[in-house]
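# Examination of the molecular architecture
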Amino acid sequence: MENINVNKVSDKYFIDKNYRQYMVLYKGDIKSELESIEGIYVYLIDNRYALVSAINTIDLDLIYTKFNSIINVFYPELFTLQDIKLMPEYKENIIRIESPIELSGEGTVVTIIGTGIDYLSNVFIDENGKSRIEFIWDQTIPSNGKKQEIEVPYGSVYTNEMINNALDSFKNGGNPYEIVPSKDLDGHGTGLAAIVGGEDKKINFTGIANKCKFIVIKLREAEQFKIEYGIDIPIYNLPTVYIALKFIYDYKLIYNKPIVVLFPLGTNSGNHKGNGVLEEFIESIAISIGIVIVSGTGNEGANGGHASGIINEVGGKKVIQLDVDEKQKFLSVEIWVDLPNFMTLEVISPSGESTGLIPSLKNYSSIYKYVLEDTKIEIMYFIPEITSGDELIRVVFYDLIPGIWQFRLTGDLIMDGTFDAWLPQKGITLGNTRFSPFDPYNTITNPANSRYLITVAAYNERNNNIVNFSGVASLTDYIDRVDVAAAGVNVLTIAPNNKIAIVSGTAVSAAIVAGVCALLFEWGIVKGNNPYLFGQTLKSYLDRGTYERKGDIYPNPQWGYGILDIAAIFRNMM
């Protein structure tokens, strides 16, 4: 596993808090053009996209049109963990996840993206005392200088050999973190990895694919946005997430091992139709044999972050009401108008002061300062938005005051007149900030709206009901959005330091299905029963191997094709 190339020079541009990262669509020699300016570094992802890091005194959003090589700078998409509630063990209503078939995931690799992993945990060590973790890429630790084959723009990579050396040091009373300093301080990644494929026979704990190997990517947090929103939860920017997926794909191309990617993150940015920048890349990955990406629907189902409506005629008006909590001082709201409709916006404050009608001009931006409040807003029109063709209206609030705000939309060009609005995910929205009324449909976080990954809802095994936090597909476009529902409440796992824990959330459900996908790859590719398995094939197997509640119509926006039934999946393949 000596195949990862770390660029030590670029570390400061991606780890230093004085720099901000941008995802850029480019043409020509962007590297030479931008790096002629001090304080800018360019990392070429491929021949279309680049990652640009610029010192905070340079706002690339404002000056990018001055560069011939930049086609577009993408507005930050902020990802949060599909959070799991990590609780101490208790004895009632615990769900123990075990596979009913004699497969173990041997010969497969599962990638865990997020907060890292406790590599010292017994559940990731095999019967010979060796780590089952192929490597850890910790984006938060400056380069350890290892020169290998797959390019990594920043951070440190720790190979299986280094992890085993750290384990040996730990067994002999030494400090393992002098060799591999990466830690999972949150517990999110460790808990999910244990469900996917952990095993500790001494405490009778077994995950789904208990012989799989692991790749772990600990993402760098977007510290500047945490400061901007005044929050202290882990959040990640689009460039960080994108290069993590690209790294995994490069690994797949070189080593050609069947690989399952657990993607337990999501964002409310985007039009939720599965056609954003990240979704486009996922689609290009998904056509390859032996790789699949699994994500939960997100935990936004009951958080009040989505509103929708229809304007029936030109000149018609609709109002979206936003209740703002006193804790919320900064906020970005996205309003998406379906192609080919056009709408204009005015924003009305709690005191009744209006911006007036802001014209819907191509790529137009307007700043308004309220007289009676301290709030300033920026209204940006993207017509058409570059990845979808829809109209995007982005409203950014500064020094936001609490109360009832109104977005008044007016129809300029109306065909079907449909529109949607999304707030950022809970944790970025604070207190009781929400739309009123809100629409619980179309609350799946991106990129899980893509039809090219496996999307998993969460249900409660104890009462056979979908849980209210589980994201729900659009009422009018739900076919193949949600694949299956899996247990997502009170599931047994292992937290850091070998502690038993109980977890809930759609990330838990996704981890269960990720483990099942490893079993499918073992059956098909490793054992030779179907060596051409790829993402869409696995989706088909999962969708056909489900349990359906009586009285329900399937597929549907909540459950997809039904409840995961591992035995039925393999029984239906025979």
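Just so we're clear, the structure is a prediction, and the values are computed from it rather than from any experiment.

## Looking at the overall build of the protein
Helix and strand counts for the protein stand at 11 helices and 35 strands. Taken over C-alpha atoms, the radius of gyration comes to 24 Å for the protein, in line with the 25 Å a tight globule of 574 residues would show. Counting only C-alpha atoms and orienting by the principal axes, one finds that the protein spans roughly 70 × 65 × 40 Å. Per-residue burial for the protein yields a buried fraction of 62% across its 574 residues.

## Digging into the sheet that holds strand 2 (residues 19-26)
Taken in spatial order, the four strands of this open sheet run 3-4-2-5, and their pairing is antiparallel. Bordering the open sheet on either side are strand 3 (40-44) and strand 5 (70-74), each of which pairs with just one other strand. Sheet twist, expressed as the mean angle between neighbouring strand axes with direction ignored, is 30 degrees. Pairing of strand 2 with strand 4 (residues 49-55) involves seven bridges; the strand directions are antiparallel. By the bridge assignment for strand 4, glutamine 21 is matched with serine 53. Helix-sheet contacts for helix 7 (residues 238-255) involve strand 2, strand 3 and strand 4, and the interaxial angle to strand 2 is about 65 degrees.

## A look at the pairing of strand 8 (residues 109-114)
Extensive coverage of strand 8 is indicated by the burial of six of its six residues. Because side chains alternate across strand 8, one face comprises the buried residues Val109, Thr111 and Ile113, and the other comprises Val110, Ile112 and Gly114, equally buried. The pairing of strand 8 with strand 16 (residues 259-262) spans four bridges and is parallel. Its bridge partner being in strand 16, valine 109 is matched across the sheet by isoleucine 259.

## Quick look at helix 7
Its 18 residues place the ends of helix 7 26 Å apart at the C-alpha level, agreeing with the 26 Å of an ideal helix rising 1.5 Å per residue. Directly after helix 7, the chain includes asparagine 256, whose backbone phi takes a positive value near 55 degrees.

## Notes on the confidence of the model for the protein
With 95% of its residues at a pLDDT of 70 or more, the protein has an overall mean of 92. Across residues 1-8 the pLDDT falls below 50, and counting only partners more than four positions away or on other chains, this stretch makes 41 contacts in the model.

## A closer look at the side chain of lysine 226
Along the chain, the position of lysine 226 falls in helix 6 (residues 223-229). For lysine 226, a relative accessible area of 10% puts it in the buried group. A polar atom in the side chain of lysine 226 sits 2.7 Å from the side chain of glutamate 221. Sequence-distant contacts of lysine 226, defined by excluding residues within four places in its chain, comprise Glu221, Ile231, Asp232, Ile233 and Ile235.

## Overview of the pairing of strand 9 (residues 133-138)
Buried residues dominate strand 9, accounting for six of its six residues. Of the pairings in the sheet, the one linking strand 9 to strand 11 (residues 156-159) comprises four bridges and is antiparallel in character. From the neighbouring strand, tryptophan 137 faces strand 11, where its bridge partner is valine 157.

## Observations concerning the sheet that holds strand 6 (residues 78-81)
Strand order across the open sheet formed by three strands is 15-6-17, with antiparallel pairing between neighbours. Looking at which strands have only one partner, the edges of the open sheet turn out to be strand 15 (235-237) and strand 17 (265-266). Against the sheet, helix 7 touches strand 6 and strand 15, its axis set at about 75 degrees to strand 15.

## A few points about the packing of helix 9 (residues 506-526) against helix 10 (residues 535-544)
The N-to-C vectors of helix 9 and helix 10 enclose an angle of 115 degrees; their axes lie 11 Å apart at closest approach. As the angle between them shows, helix 9 and helix 10 are arranged roughly perpendicular. Crossing of helix 9 against helix 10: the hand is right-handed. Where helix 9 abuts helix 10, its residues Val513, Val516, Cys517, Leu520, Phe521 and Trp523 lie against Leu538, Tyr541 and Leu542. Looking at the contact of helix 9 with helix 10 residue by residue, the class counts come to nine nonpolar, no polar and no charged.

Each value, and the rule that gives it
Residues numbered from 1 in each chain as written. Predicted model: local features only at pLDDT ≥ 70, side-chain atom pairs only at ≥ 80, totals over all residues. Heavy atoms only, no water. Helix = DSSP H or I, 4+ residues; strand = E, 2+ residues; numbered from the N terminus. Rg over C-alpha atoms; globule rule 2.2 N^0.38 Å. Buried < 20%, exposed > 50% of the residue type's maximum accessible area, 1.4 Å probe, protein only. Pairing = 2+ DSSP bridges. Axes fitted to C-alpha atoms, helices over the stretch in contact; angles between N-to-C directions. Contact = heavy atoms within 4.5 Å. Expected span 1.5 Å × (residues − 1). pLDDT = per-residue confidence, 0-100. Polar contact = N/O pair within 3.5 Å; in protein donor to acceptor, adjacent residues only side chain to side chain. Parallel < 35°, antiparallel > 145°, perpendicular 65-115°, else oblique. Left-handed = near helix turned anticlockwise from the far one by under 90°. Nonpolar A, V, L, I, M, F, W, Y, C, P; charged D, E, K, R; others polar.

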